[in-house]
Amino acid sequence: YNIKQSGPVVYNGIDFDDDIAVGDEFTYVYDIVKIPQSDIPQLTARMEGIELAAKARRIAIYYSQMAAFQAKTEMGIDLGEVLATQACAELSYEIDTEVVKMLVDNAAVKEDLTWNKRLPLGVSKRDHYAGFAETIEIASQHIYDATKKHAANYMIASSSLKPVLVMMEGWKAANTSKINGPYFAGELNGIKVYISPAIKAGRYVLGYNGGDMITSAAVYAPYMAIVPTQLLGFADGAMSQGFSSLYDLKMLNPALLVAGEVVDVALDPVETATA
C-alpha cells in the first residue's frame with residue numbers, strides 16, 4: 001500500500017502512526033477471528049435401558065354366604081363389596097409403603113438436618129418450631145448443591161412430625177377425611193408434605209420430582225392394575241375372591257433425596273454467673 005497523505009492516517013478504520021510519510025510503502029495483516037467449531041460445548045443424549053421385572057402382590061377375601069345375607073338384611077350393606085374395597089385398599093397401602101421405604105433407604109442422611117424439638121428456656125413453642133423451617137431449607141439446599149438446578153418440592157415425614165408442622169408459618173393443611181396409609185397432609189412453603197406410618201418416628205425425607213424419568217428419584221411401574229378374580233361359592237356356603245397386581249420399583253437418582261431427623265433430647269444447662 002502506498003500512503004498518499006502525511007500525518008494521521010485512517011485506512012479502512014485502522015489508525016496508523018503519525019510518522020508515516022507520503023510515499024512510504026508498507027504491508028499489514030488483518031487479525032481474522034476464526035470461529036472455533038471444535039470448541040463448541042456439546043450436549044449428548046445417551047439412553048440406558050433399565051430392566052423392570054414385574055412382581056405379583058396378591059390378597060384374598062373369604063366370608064360366609066349366611067354372614068353376607070345377615071349383613072344385607074340387618075344392616076343393608078353388601079359384605080362382599082365392603083371386603084373387596086378393603087382388599088384393594090390394603091394392596092394400595094402395601095405398595096405405597098414399599099415405595100416409601102425404598103425412598104427412605106436410599107436417601108442420604110445429613111448431620112446438619114438433625115433438629116431438636118426440646119423447648120429452650122424462655123422461647124415459646126411456636127417460635128421454636130418455626131426454626132424447623134430453616135432445617136427444611138438446608139435440606140432443600142443439599143439437593144440444589146448436588147444437582148445445581150433442582151430444589152425440594154416434596155417431603156415424606158413420620159406422624160410424629162405433624163404436630164410440629166401444623167404450628168409453623170406457611171403451613172396449609174389439606175383435607176384428610178380419607179386416609180389409607182401414606183397420605184397428603186398439606187403444604188409447607190410450597191413443599192408438599194406426605195405423612196407415612198412406614199417411617200421411623202422423627203425421620204423425614206425431602207426430595208424433588210419433576211414428573212419425568214430424568215428428574216425423578218425413583219420409578220413406580222405398574223404392569224397390571226388391581227384385577228379381581230371371579231367370586232367363587234362353595235357347597236358349604238363359603239365365598240372366596242382374589243385380587244392381584246403386577247408392578248416393579250426402581251431407583252433412578254438418589255441425589256434427589258436427603259434425609260434428616262427430629263429428636264427430643266435434653267439441652268445443655270444454662271450457665272449463669274454468680275456475684
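This report concerns the structure included in the present document. (Residues numbered from 1 in each chain as written. Predicted model: local features only at pLDDT ≥ 70, side-chain atom pairs only at ≥ 80, totals over all residues. Heavy atoms only, no water.)

## What about the nonpolar core?
Counting residues in hydrophobic clusters, the biggest one holds 43 residues, and the most contacted among them are F132, I136, M155, L165, Y204, L206 and L257. Looking at this core, the element that brings in the most residues is helix α2 (residues 79-106), giving five residues. With near-sequence residues (within four places) excluded, Y204 lies in contact with L113, F132, T135, M155, I156, A157, L161, V258, A259, G260, E261 and V262. One finds I61, A68, L91 and M239 within the second-largest nonpolar core, a separate group that totals ten residues. (Core = buried A, V, L, I, M, F, W, Y, C linked by side-chain atoms within 4.5 Å. Buried < 20%, exposed > 50% of the residue type's maximum accessible area, 1.4 Å probe, protein only. Helix = DSSP H or I, 4+ residues; strand = E, 2+ residues; numbered from the N terminus. Contact = heavy atoms within 4.5 Å.)

## Thoughts on the side chain of S140
Take S140: it is sitting in helix α4 (residues 132-147). Leave out the neighbours within four places in its chain, and S140 touches A151 and A152.

## Considering the pairing of strand β8 (residues 191-195)
Of the two faces of β8, the one lined by I191, V193 and I195 is fully buried and the one lined by K192 and Y194 carries no buried residue. Direction of pairing for strand β5 (residues 154-157) relative to β8: parallel, over a ladder of four bridges. Note on β8: the bridge partner recorded for M155 is V193. As defined by bridge partners, strand β7 (residues 183-188) adjoins β8 across five bridges and the pair is classed as antiparallel. Considered in β8, the bridge of L188 is made with I191. (Pairing = 2+ DSSP bridges.)

## Looking at the sheet that holds strand β9 (residues 203-207)
What holds strands together in a sheet is hydrogen bonding between their backbones, with the strands either parallel or antiparallel. Taken in spatial order, the seven strands make up an open sheet running β4-β13-β9-β5-β8-β7-β6, and their pairing is mixed. Looking along the sheet, the strands with just one partner apiece sit at the ends: β4 (108-116) and β6 (171-173). Strand after strand, the sheet turns through a mean of 25° between neighbouring axes, direction not considered. Relative to strand β13 (residues 257-263), β4 runs parallel, the two sharing five bridges. Within β13, the position partnered with W115 by the bridge is V262. Helix-sheet contacts for α2 involve β4, β5, β9 and β13, and the interaxial angle to β5 is about 100°. With respect to the sheet, α4 is in contact with β4, β5, β7, β8, β9 and β13, its orientation differing from that of β4 by roughly 165°. (Axes fitted to C-alpha atoms, helices over the stretch in contact; angles between N-to-C directions.)

## Description of α4
The end-to-end C-alpha distance of α4 is 23 Å, a good match for the 22 Å that 16 residues give at a rise of 1.5 Å each. Of the residues making up α4, those classed as buried are F132, T135, I136, A139, S140, I143 and T147. The buried residues of α4 all sit within an arc of 145° when viewed along its axis, so they share a single face. For α4, the exposed residues set more than 90 degrees away from the buried face come down to E134 and E137. (Expected span 1.5 Å × (residues − 1). Arc of directions from axis to C-beta.)

## Considering the packing of aromatic side chains
What characterises a pair of aromatic rings is the spacing of the ring centres plus the angle enclosed by the ring planes. In total, this model carries five aromatic pairs according to the counting rule given. Ring centres of F184 and Y194 lie 5.4 Å apart, and the angle between their planes is 50°; this geometry places the pair in the tilted category. Within this pair, whereas F184 is found in strand β7, its partner Y194 is found in strand β8, the two being separated by ten residues in sequence. Judged by its relative accessible area of 30%, Y194 is partly exposed. (Phe/Tyr/Trp six-rings, centres within 6.5 Å; stacked < 30°, edge-to-face > 60°.)

## Here's the deal with the pattern of salt bridges
Where charged atoms from two side chains of opposite charge come close, those side chains can pair. Applying the stated criterion to the full structure yields five salt bridges. In this structure, E48 and R46 form a salt bridge, with 3.5 Å as the shortest nitrogen-oxygen distance. Here E48 falls in the exposed class, since its relative accessible area comes to 60%. Assessed through its relative accessible area of 67%, R46 is described here as exposed. Between K55 and E98 there is a salt bridge, with the nearest N and O atoms lying 2.4 Å from each other. Of this pair, K55 sits in strand β3 (residues 55-64) while E98 sits in helix α2, and the two are 43 residues apart along the sequence. With relative accessibility at 32%, the residue K55 sits in the partly exposed group. Each of K55, R57, E94 and E98 takes part in a single network of salt bridges with overlapping partners. (Salt bridge = Lys/Arg side-chain N within 4 Å of Asp/Glu carboxyl O.)

## Observations regarding helix α1 (residues 65-74)
The N-cap of α1, judged by a side-chain oxygen 3.2 Å from the amide nitrogen of M66 a few residues on, is S64. After α1 finishes, the residue G76 shows a positive phi value of roughly 70°. (Polar contact = N/O pair within 3.5 Å; in protein donor to acceptor, adjacent residues only side chain to side chain.)

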